[in-house]
Every structure is written in C-alpha cells, then in structure tokens.
Amino acid sequence: MPDLDQQLEFGIFPTPAADRIPELLGLVQVAEVEGLDLVSVQDHPYQDGFLDTWTLLSVVGARTTTIRLAPNVASLPLRPPVLLAKAAASLDLLTDGRVELGLGAGAFWDGIVAAGGPRRSPGEAVDALAEAVELIRAFWAGGTLRFRGEHYRAQGLHAGPAPAHDIPIWLGAYKPRMLRLTGRLADAWVPSMGYADPPALPALAAVVDEAALTAGRPPGSVRRIYNISGRFGTGGGFLRGTPAQWAEQLAELTLTVGMSSYVLGTDDPDVVRRFAAEVAPATRELVEAERARRATTSQEAPMGVATTSQEAPMGAATTSQEAPMGAATTSQEASMGAATTSQEAPLPGRTDEGRGSGRHTVEPTPDDGRRLSSAMPWDEPSRPVAPDGAPGPHPEQAQHLKDIHDGLRGELDQVRDVLEQVRRGHLTVGAARSVVNTMTMRQNNWTLGAYCESYCRIVTGHHTLEDRSVFPHLRRVEPGLGAVLDRLEEEHVVIHDVLEQFDRALVRLVAEDGSGRAGEEVLEGVQSSLDLLTDTLLSHLAYEERELVGPLSRHGLS
C-alpha cells in the first residue's frame, strides 16, 4: 500500500536507565522544546537497570505540557489489562489527553516468567492480546464490566475513570496472526528497525492492509509508527548520512510504504535537536510537495487531456464505460477489458459447475476463458481437482478469500487503466520534443512504476500469507487437498516470476526518457508483461476459489 496520507509525526525512544535520570529527563525536555510530537518508553519490568515505565511516563507527563506519551510497548503478560486500562486513563486525565497505549504480546519469556508472569505459546499470546484489547476498550467505555475470556476476566467490575480522549492502541507485530490482528483491531502498527528493516516493511504492511480491508476498515485507519535508529554522517546506508539524506529516506518510506510516525532511539540531545530541527521539517516538506503534486495530477490530465472525477491515478480521460485498453465495456465485463457475460462457458475441462452452486453459500468467480497472451506458462486442464464435500459452518471464511481476490482483481483493472493512460499521454505529446513534455513523460513513467510496484507487493504479500498460514492449515484438516495445494503453491512461484518480469519492464520504462521509437517499444514490453500477469493471476484466482471455497467453508482458518 503506498502513501496513506497520514499526518507525519516525529518522536524519541530514550533508554529508561535508572542511573541516568537527570540526562533522561533533560532529553525529554529538549524533545518538547524542539517541537517533537512524542516520547515513548520501552517496558521491560524484569530489567534491573530500567525504571518502571508507567512511573517514568507519569513523571514525564508532569514535567511537560505538549508532547504525547506512550509505552513502546507495554509488556501485557506482566500488566493485567484492567490495571493497564486504569493507569492509561488516569495518566490521560492528568496530562489533558496526551497518552497513547502501545501493547506487546510478550517476547522475552524467561524474564516474564522470572517476574511471575505466564509463559505463553505464540498462539496463546496472540489470543490473550486480542482479549486484552477488547477488555481495555470496554473498561474505557465505563459502566459495569463483565468479561469472560480464556486469559482475562472481569466480573461485575465498575469500570472507570474514562480517559480524557479516545486513547489510540498500538500493537507491535511481525508475524502473520499478529499483523492480521493489528489490521483488524488496532489504531496503529509499530514495527522496529532490527526486527523489521525497511526492505521487510512492504510485505508486512500488505498483511495489515489486507486484514483491515477484510474487517471493513480503510488501511489508512491504522497509523504506521516506525521505531528507527541511525547516526548522522557522510556514509551510505539507511539513516547513516546527512539530515537531508535522512529526510529523503523517510519521505520515501512514507510515500511508498505508508509509514508516517518516526520514533528515534537515541540518548544524545544533539541528535534529538538535529532530528527535530533538520530532519523532521525537511521530511514534511518533501512529503507535502509530492502529495500536492499527486493531488494536482489527479485533477488535471498530465498530457492536457480532459479528465473526470472517475479518473485513475494517472489522470487521463476515463469513464465508467471505458475499458482499460480502450474497448467498450459494461459493468458485467470481466477484468480483462473484453466484453463477457456470466453466461459464457468456462475453459474446456473445467469442473466449475456445481462446485459451489447451491452447495456452498459462496459462489466462486468463474473463469471466462479469455486470454490476452499467446501462451500460458502452465497447462490449465491438468490442474488437480479437490475432493467434493458437504458445505460447512464457515461460509464467511470462503467469502473472505473471495473478497480479497475481488480486491486484487479490481486493483488489476486500475493498473491496466493507468498503463493505458500513460500510453495515451505518450501518443498525445510524443511528437513535441520539448523539455517540459519530456519531463512530463518521465514523471508519468515514475508514477506508473510506483503504482505497479505497490500492486506487485500486495499480490506477493497475499501469496506469502497463504503459503505460510492458510495452506498448511488446510493440509492438516483435509489431507485429500494436497495435490491442489501443491499446484496452487507452484502457481505462486510462476506468478512471482511473472511479477519480476513485469518489474524489469517497469525499470526499463523509468530509465527511458519517454520519447521516440525506443520509448514506445519499452511501453510495448510493459504492456506484454502486464497482459501475461493479467492472464496468470485471473486464471489462478478463479482456480483457487473453485477448489477452496468448499474446504474453507468446512474448516475455516486457524
């Protein structure tokens, strides 16, 4: 998911060292005076050299007036949710609404057990965290609280006080179940460098985004907070250069991954000053400039072509009647842009009929059999067929899969539409060899590249989630599905290769100056690789739905 248009914020993550209290409190004062937004503190009660997090945050709250406060993140196994909710609400009232609550499921289990806490399996830790979020929010709502969970309970508790404002809940998450929980329930996702360095963020963010969409939430409703570390200098690497280079790198994360709050781990007041005075404003300026440019592009055609409010991101003229490649379509048409109807026959050898019609409550999306490429990279009639079975009690899980696939199909339509707009733009001004027109072409190429890169990342994230979580679960609960799951995993590999081919074509496009015969040849290469991606992905999604709607409705997800 690219830029989520969230407000940029900057904060610090100081060490809560018990032997450096004056320096610690002075650092927080510098952060507030310099205009930073947030101070957050790690929570490890079993660390003998650390101050207690809530005690420290209370003192910091009393000594400041504007900066917001948060544990980053609270060790839930050692902090009962009811007491945590009361502590957060109390501090929020005492600081006029400046508290946010970061929660962690637990990680350092030897230390937690040594301090009297439970040792939980990964699954138990996630379940306990989900219960805690529900219980904490119920506490903040007030009234008589009755909650009976597997890990936490409240029996007739008179909840209160209510906080001064709706306290946002952050979740620190890296594994698929935690990421899905974050997308479904949290107000913010907070990964850290070292556990999730920048190259890992896109795939993790895609899981959060997918879970948010499935829960009926826009991905932008989950703030993206990134705990960072670095040093100022002249070297290469992420956050190892000048403040200007830091700003460029953080702006890129915002515009391409959606990260929006940057919390710097440091105990050096000079670093805090430079971060606040140089990095933060420069990052904001870069992001605001690019957002303004994109907003203008969405309202005006970059090539001087008339536009409407229904336009795709590149800004060329499109309406709801136009097909991605310029052929007339209707709302019943398939995503390939050619006219189709629901009465068209599936590919020869398919067994669509009856595999979900009247037997499962979710109808698999049919494959209309149309292809844009001359050849497919796999033999479709040889695909294994899942054993038939009775409908099950979890139709919502089958619908979940179909909803995700519908999102991928819809985004693929957008990708095709964006490419068509770029091609129209090249034809419109390709003969005008001015510097301005050449720059406009380049900008369109870059925008197309970023848009398509985001889509490829989402597809890859979805397939990774299936390979690591969904398919292993289905193998356990329905062994007869093995051949189908093997084939689906093989197709994931093929689609990954197609995505890489598409990416290489986009890299060539961005490297071109956007004009002349060479530019058109490169665009043809992008079109060809996108056609192959369209064919393989739509074929794969239809096959997967046809074979997995029944098993998912019978067994659900782990």
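For the structure, check the block above.
About the thresholds
- Residues numbered from 1 in each chain as written.
- Predicted model: local features only at pLDDT ≥ 70, side-chain atom pairs only at ≥ 80, totals over all residues.
- Heavy atoms only, no water.
- Phe/Tyr/Trp six-rings, centres within 6.5 Å; stacked < 30°, edge-to-face > 60°.
- Helix = DSSP H or I, 4+ residues; strand = E, 2+ residues; numbered from the N terminus.
- Buried < 20%, exposed > 50% of the residue type's maximum accessible area, 1.4 Å probe, protein only.
- Lys NZ or Arg CZ within 6 Å of the ring centre and 35° of its normal.
- Axes fitted to C-alpha atoms, helices over the stretch in contact; angles between N-to-C directions.
- Parallel < 35°, antiparallel > 145°, perpendicular 65-115°, else oblique.
- Left-handed = near helix turned anticlockwise from the far one by under 90°.
- Contact = heavy atoms within 4.5 Å.
- Salt bridge = Lys/Arg side-chain N within 4 Å of Asp/Glu carboxyl O.
- Core = buried A, V, L, I, M, F, W, Y, C linked by side-chain atoms within 4.5 Å.
- Pairing = 2+ DSSP bridges.

For any pair of aromatic rings, the description consists of the separation of the ring centres together with the inter-plane angle of the planes. For the coordinates displayed, the defined rule picks out 5 aromatic pairs. Centre to centre, the rings of Phe 10 and Tyr 262 are 6.0 Å apart; their planes meet at 35°, and the pair counts as tilted. One end of the pair, Phe 10, is in strand β1 (residues 9-12); the other, Tyr 262, is in strand β11 (residues 261-264), with 252 residues separating them in the sequence. Between Tyr 174 and Tyr 195 the ring centres are 5.7 Å apart and the planes differ by 35°, which places this aromatic pair in the tilted class. Residue Tyr 174 is found in the loop between β8 (169-171) and α6 (176-185), and its partner Tyr 195 is found in the loop between β9 (188-189) and α7 (201-214); the two are separated by 21 residues along the sequence. What makes Tyr 174 partly exposed here is its relative accessible area of 27%. Here Arg 274 stacks its cationic end above the ring of Phe 232, 4.8 Å away from the centre of that ring.

This paragraph deals with the packing of helix α3 (residues 81-94) against helix α5 (residues 122-141). Look at α3 against α5: their axes get within 9 Å of each other, and the N-to-C directions meet at 45°. Comparing the axis directions of α3 and α5 gives the class oblique. α3 and α5 meet at a crossing whose hand is right-handed. Taken together, the residues of α5 that come into contact with α3 (itself represented by Pro 81, Val 82, Leu 84, Ala 85, Lys 86, Ala 88 and Ala 89) are Ala 132, Leu 135, Ile 136, Phe 139 and Trp 140.

The next subject is the pattern of salt bridges. Applying the stated rule across the entire model yields 30 salt bridges. Of the charged contacts, one joins Glu 278 and Arg 274 as a salt bridge, the two residues approaching to 3.2 Å between their closest N and O atoms. A residue pair is termed a helical-turn pair when its members lie 3 or 4 positions apart in one helix, as Glu 278 and Arg 274 do in helix α9 (residues 269-299) at 4 residues. For Glu 545, the salt bridge goes to Arg 409, with nearest N and O atoms at 2.6 Å. Here the residue Glu 545 occupies a position in helix α13 (residues 516-555), and Arg 409 occupies one in helix α10 (residues 395-429), the gap between them amounting to 136 residues.

Okay, the nonpolar core next. Core analysis: the biggest nonpolar cluster contains 84 residues, and Leu 36, Leu 103, Trp 140, Trp 189, Ile 228, Tyr 262 and Phe 275 have the highest contact counts within it. Considering each element in turn, this core owes the most residues, 11 residues, to α5. In contact with Leu 103, not counting residues within four places along its chain, are Val 73, Ala 74, Leu 84, Leu 129, Val 133, Ile 136, Ile 169, Trp 170, Leu 171 and Gly 172. With 27 residues, the next largest nonpolar core counts Val 498, Phe 502, Leu 523 and Val 526 among its residues.

Let's shift gears to α6. The set of residues buried in α6 consists of Met 178, Leu 179, Leu 181, Thr 182 and Gly 183. Those residues of α6 hidden inside the fold are in contact with α5, β8, β9 and α7.

That bond from Asn 72 to Val 73 is cis: its omega, 0°, falls within 30 degrees of zero. By the element assignment, Val 73 lies in the loop between β3 (68-71) and β4 (74-75). Residue Pro 161 is bonded to the preceding Gly 160 through a cis peptide linkage, with omega at 5°. Mapped onto the elements of the fold, Pro 161 is located in the loop between β7 (153-159) and β8. A positive phi angle, close to 60°, is found at Asp 5, a residue other than glycine. Along the chain, the position of Asp 5 falls in the segment before β1. A residue is classified by how much of its surface remains accessible, and Asp 5, at 56% relative accessible area, is exposed. Although it is not a glycine, Asp 96 sits at a positive phi angle of roughly 60°. Position of Asp 96 relative to the elements: it lies in the loop between α3 and β5 (101-104).

Time to look at the pairing of β7. Regular strands place their side chains on alternate faces of the sheet. Inspection of the sheet shows strand β6 (residues 143-148) paired to β7 by 6 bridges, in the antiparallel sense. For Thr 144, the partnering residue across the bridge sits in β7 and is His 158. Following β6, the chain reverses through 4 residues before pairing antiparallel with β7.

Time to look at the sheet that holds β9. The 9 strands lie next to each other as β3-β2-β1-β11-β10-β9-β8-β5-β4, forming an open sheet whose pairing is parallel. Strands at the two margins of the open sheet, each flanked by one partner only, are β3 and β4. Of the pairings in the sheet, the one linking strand β10 (residues 223-228) to β11 comprises 4 bridges and is parallel in character. Within β11, the residue paired with Asn 227 across the bridge is Val 263.

Of note, His 400 is situated in helix α10. Once residues lying within four places of it in the same chain are set aside, the contact partners of His 400 are Thr 214 and Leu 557.

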